[in-house]
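Report on the structure
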Amino acid sequence: MAKSIGVDEFRNIRENLGELVMYAEIVRLGLRGMEADARRTDGGLWAPGSDLALSCFAAQIAPRLQEILRGIGASGLIMQPCEADLRQPALRPFLDRYMRGKAINVVEKSRLFRLAWDLVGDGSAVRQDLYERWHRGDVARNRTNLFLTFDQTSTVERMLDMIRTDPDA
């Protein structure tokens, strides 16, 4: 969306896009870890490794993802022509001239922004936000459970090995 409307050159937008890439990479790496830790169940099926940390993370960042998209889309999220407007011969030349993006025509831009609206502004977006916040459970409780179930044995052993090793030996 940012590239199509030509705002990807602005420093603050690039920072926001970098933040989105960071989240996408963290999720990608988390999914790879779940695949690497997959195990065979008693029933003979494959099950991924624990997703508790990734679930906590997703619930934590979901509002921020929507905030970034709202900031990039700004008023364009609500000021887009509908399909009927785009079919009006008297209106279309003005839409082509004033409502197009930098690298996208008015039809594609309006559809892109309406898709973004679906993600951040309409009833479905609100339901998704509520799902991320509440269906996954309380974030603080989930973080506490993650800490309590995390096997710290190897981390503690490595730390103790580092502080016990005689540097002069």
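All values reported here derive from a predicted model rather than from experimental measurement. (Residues numbered from 1 in each chain as written. Predicted model: local features only at pLDDT ≥ 70, side-chain atom pairs only at ≥ 80, totals over all residues. Heavy atoms only, no water.)

**So, helix H6 (residues 106-120)**
Each turn of an α-helix holds 3.6 residues, which means side chains three or four residues apart point in the same direction. The end-to-end C-alpha separation of H6 is 21 Å, in line with the 21 Å expected for 15 residues at 1.5 Å each. Where H6 is buried, its residues contact helix H1 (2-5), helix H3 (52-73), helix H4 (83-86), helix H5 (92-98) and helix H7 (123-135). Its side-chain oxygen placed 3.0 Å from the backbone nitrogen of Val107, Asn105 serves as the N-cap of H6. (Helix = DSSP H or I, 4+ residues; strand = E, 2+ residues; numbered from the N terminus. Expected span 1.5 Å × (residues − 1). Contact = heavy atoms within 4.5 Å. Polar contact = N/O pair within 3.5 Å; in protein donor to acceptor, adjacent residues only side chain to side chain.)

**Here we look at the layout of surface pockets**
What the largest pocket holds in volume is close to 320 Å³. Lining of the largest pocket is provided by 14 residues; of these, Ser50, Leu52, Ala53, Leu146 and Phe150 occupy positions nearest its centre. Among the residues making up the lining of the largest pocket, the classes are represented as eight nonpolar, four polar and two charged. In terms of lining residues, the second largest pocket is bounded by 14 residues, among which Ala62, Leu65, Gln66, Leu119 and Gln128 are the most central. Elements supplying a minimum of two residues to the lining of the second largest pocket: H3, H6 and H7. In terms of residue count, the dominant contributor to the lining of the second largest pocket is H3 (six residues). Taken together, the residues of the lining of the second largest pocket break down into seven nonpolar, three polar and four charged. (1 Å grid on protein atoms, 1.4 Å probe; cavity = no way out; pocket = protein on both sides within 12 Å on 5 of 7 lines; lining within 4 Å. Points joined across faces, edges and corners; volume = space filled by probe spheres on them. Nonpolar A, V, L, I, M, F, W, Y, C, P; charged D, E, K, R; others polar.)

**Section: the pattern of salt bridges**
For the structure on display, the rule yields seven salt bridges. In this structure, Arg64 engages Glu67 in a salt bridge whose closest nitrogen and oxygen atoms are separated by 3.2 Å. Separated by three residues within a single helix, Arg64 and Glu67 lie in helix H3, roughly one turn from each other. The partly exposed category is assigned to Arg64, whose relative accessible area is 25%. On the accessibility criterion, Glu67 (47% relative accessible area) is partly exposed. (Salt bridge = Lys/Arg side-chain N within 4 Å of Asp/Glu carboxyl O. Buried < 20%, exposed > 50% of the residue type's maximum accessible area, 1.4 Å probe, protein only.)

Keep in mind these values describe shape, not function.
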